[in-house]
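# Reading the structure
Residues per chain, in single letters:
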Amino acid sequence: MSTPQTVTENGKTYQFDALPKEQVAGISGMDVFKLMLDGQLPAPPIMLQSNIRLKEFDHGRAVFVGQPEKQFLNPLGTIHGGWISTILDSALSCAVHTCLEPGEFYTTTSLNVNMVRPLMPGSGEVTCEGRIVHRGSRLATSEGELKDARGKLIAHATVSCMIFPNPAASSPGR
């Protein structure tokens, strides 16, 4: 097992690692995000590598911000669609995550992204908001947009997520 990466911002140290399934098995998705922002649970390592951060959340809603920089360029000099898809999947899927009950996990099953204009490096911080559309017992959907620093739409997307029991919640001894 690897050692989690850490970052210190404004005197507070944050860890980046996978969530400990046993520790989050008995808490809601909203509580997971509260503990993550408090630095008591690790944030996903992809946030560190892709220069994306959770800005705010509420039940059924998640907002991420990101800095499109040179390391995310495609061969034509615009920000790669994979980076755009990553921030969209993060915000839209985390909107679903905020609706999870204790003992539930989820995974993205489909992501549909529509890019409407190129995103350039150095264009400033982008904002991506995801909102729940439907939350059933086994399937949830959400939608959202990625906007540049001037508020112009870069891309919009939908995501479907499968909801299932946390394997750690049903382990022996629980």
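Residues numbered from 1 in each chain as written. Predicted model: local features only at pLDDT ≥ 70, side-chain atom pairs only at ≥ 80, totals over all residues. Heavy atoms only, no water.

### With respect to helix α2 (residues 29–37)
The periodicity of an α-helix, 3.6 residues per turn, causes residues three or four places apart in sequence to face the same way. If you check which residues of α2 are buried, you get G29, M30, V32, F33 and M36. Buried residues of α2, viewed axially, fall in a sector of 160 degrees; they line one side. Structurally, α2 contributes buried residues whose contacts are with β2 (12–16), α1 (21–24), β3 (52–58) and α4 (81–97). After α2 finishes, the residue G39 shows a positive phi value of roughly 85 degrees. (Buried < 20%, exposed > 50% of the residue type's maximum accessible area, 1.4 Å probe, protein only. Helix = DSSP H or I, 4+ residues; strand = E, 2+ residues; numbered from the N terminus. Arc of directions from axis to C-beta. Contact = heavy atoms within 4.5 Å.)

### Notes on α4
The terminal C-alpha atoms of α4 lie 23 Å apart, and with 17 residues this matches the ideal 24 Å at 1.5 Å per residue to within 8%. When you tally the buried positions in α4, you get 14 out of 17 residues, the bulk of the element. (Expected span 1.5 Å × (residues − 1).)

### Re the sheet that holds strand β4 (residues 61–66)
In spatial order, the strands read β3-β4-β6-β7-β8-β5; together these six strands make up an open sheet with antiparallel pairing. Every other strand in the sheet has two partners, leaving β3 and β5 (104–115) as the edge strands with one partner each. Direction aside, neighbouring strands of the sheet carry axes that sit 20 degrees apart on average. Bridging between strand β7 (residues 139–147) and strand β8 (residues 153–165) involves nine bridges; their strand directions are antiparallel. Looking across to β8, one finds that E143 is bridged to T158. Along the sheet, α4 makes contact with β3, β4, β5, β6 (126–135), β7 and β8, crossing β6 at roughly 45 degrees. (Pairing = 2+ DSSP bridges. Axes fitted to C-alpha atoms, helices over the stretch in contact; angles between N-to-C directions.)

### Some thoughts on the environment of D17
With respect to the element layout, D17 can be found in the loop between β2 and α1. Looking at D17, the relative accessible area reads 23%, which means it is partly exposed. With 36 residues separating them along the chain, D17 and R53 place their C-alpha atoms 14 Å apart.

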